[in-house]
Amino acid sequence: MKINKILILLLLTLVMSCDSSAVFDEYKTVSTAWNKEDVVSFKINPPDSIKPYNLFVNIRNTNTYKFSNLYLIVQMKFPHGKSITDTLQYRMTTPTGKWLGQGLSTVKENKLWYKEGVIFNEKGEYQVNIQHAMRQNGDVNGVVNLEGITDVGFRIEKTE
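To start, this report covers the structure provided alongside it. (Residues numbered from 1 in each chain as written. Predicted model: local features only at pLDDT ≥ 70, side-chain atom pairs only at ≥ 80, totals over all residues. Heavy atoms only, no water.)

### A short note on the overall build of the protein chain
Phase 1: Looking only at helices and strands, one finds one helix and 10 strands in the protein chain.
Phase 2: In the protein chain, the succession of α and β elements from N to C terminus is α-β-β-β-β-β-β-β-β-β-β.
Phase 3: In the protein chain, which comprises 160 residues, the share counted as buried stands at 40%.
Phase 4: Counted over contacts in the protein chain with a minimum sequence separation of 6, partners at least 24 positions apart contribute 77%. (Helix = DSSP H or I, 4+ residues; strand = E, 2+ residues; numbered from the N terminus. Buried < 20%, exposed > 50% of the residue type's maximum accessible area, 1.4 Å probe, protein only. Contact = heavy atoms within 4.5 Å.)

### Here we look at the pattern of salt bridges
Phase 1: Counted under the stated rule, the structure contains eight salt bridges.
Phase 2: Here Asp25 ties to Arg155 by a salt bridge, and the two come within 2.7 Å at their closest N and O atoms. Within this pair, whereas Asp25 is found in strand 1 (residues 22–29), its partner Arg155 is found in strand 10 (residues 149–158), the two being separated by 130 residues in sequence.
Phase 3: Salt-bridge contacts for Lys66 lead to Glu147; the nearest nitrogen and oxygen are separated by 3.8 Å. Pair noted here: Lys66 is in the loop between strand 4 (52–61) and strand 5 (69–77) and Glu147 is in strand 9 (residues 145–147), with a separation of 81 residues, a long-range link.
Phase 4: The exposure class assigned to Lys66 is exposed, which follows from its relative accessible area of 64%.
Phase 5: Here the salt bridges do not stand alone but share partners, grouping Asp25, Lys111, Arg155 and Glu157 into one network. (Salt bridge = Lys/Arg side-chain N within 4 Å of Asp/Glu carboxyl O.)

### Notes on the environment of Leu112
Phase 1: Tracing the sequence through the fold places Leu112 in strand 7 (residues 108–119).
Phase 2: Accessibility expressed as a relative area gives 7% for Leu112, which makes it buried.
Phase 3: C-alpha separation for the pair Leu112 and Gly153, spaced 41 residues apart in sequence, amounts to 10.0 Å.
Phase 4: The contact partners of Leu112, leaving out residues within four places of it in the chain, are Leu55, Phe56, Val57, Asn58, Ile59 and Tyr90.

Below, the structure is given as structure tokens:
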């Protein structure tokens with residue numbers, strides 16, 4: 001099982017490295033269960049301050065993920081102190097329960113739109129923070145440990 005996961009990750013890395021539209025593409029592995037307090041952070045130095053870019057959150061999940069959707073809180077911190085926080089909802093399955101995303105095995109990779117046509121007009125380092133905000137129906141406190149998410153990524157692409 002572990003060998004299969006390694007082979008899949010190597011194949012995905014090879015496929016992604018051939019992608020000329022990617023400006024930034026990084027993943028971070030979460031533990032066996034993504035705790036609601038665990039923030040996945042990415043530090044970004046954009047290559048250009050006048051061109052627009054499309055931003056994506058990438059999620060890898062397994063069949064142990066118990067939900068048909070995913071709620072995320074995504075915060076972007078700008079170099080000069082400003083920040084923007086969004087609460088986002090993504091579908092993870094079709095209405096019939098079939099997983100969305102790409103993948104040949106039990107791991108599915110989902111490329112989820114975050115923002116379109118973003119211009120990084122401040123010079124310096126940006127930081128993107130991602131955490132889950134999942135809740136069971138009727139539960140105010142939410143899911144503490146989210147199972148089935150293996151990796152969280154952030155991607156910046158050139159616009160066409």
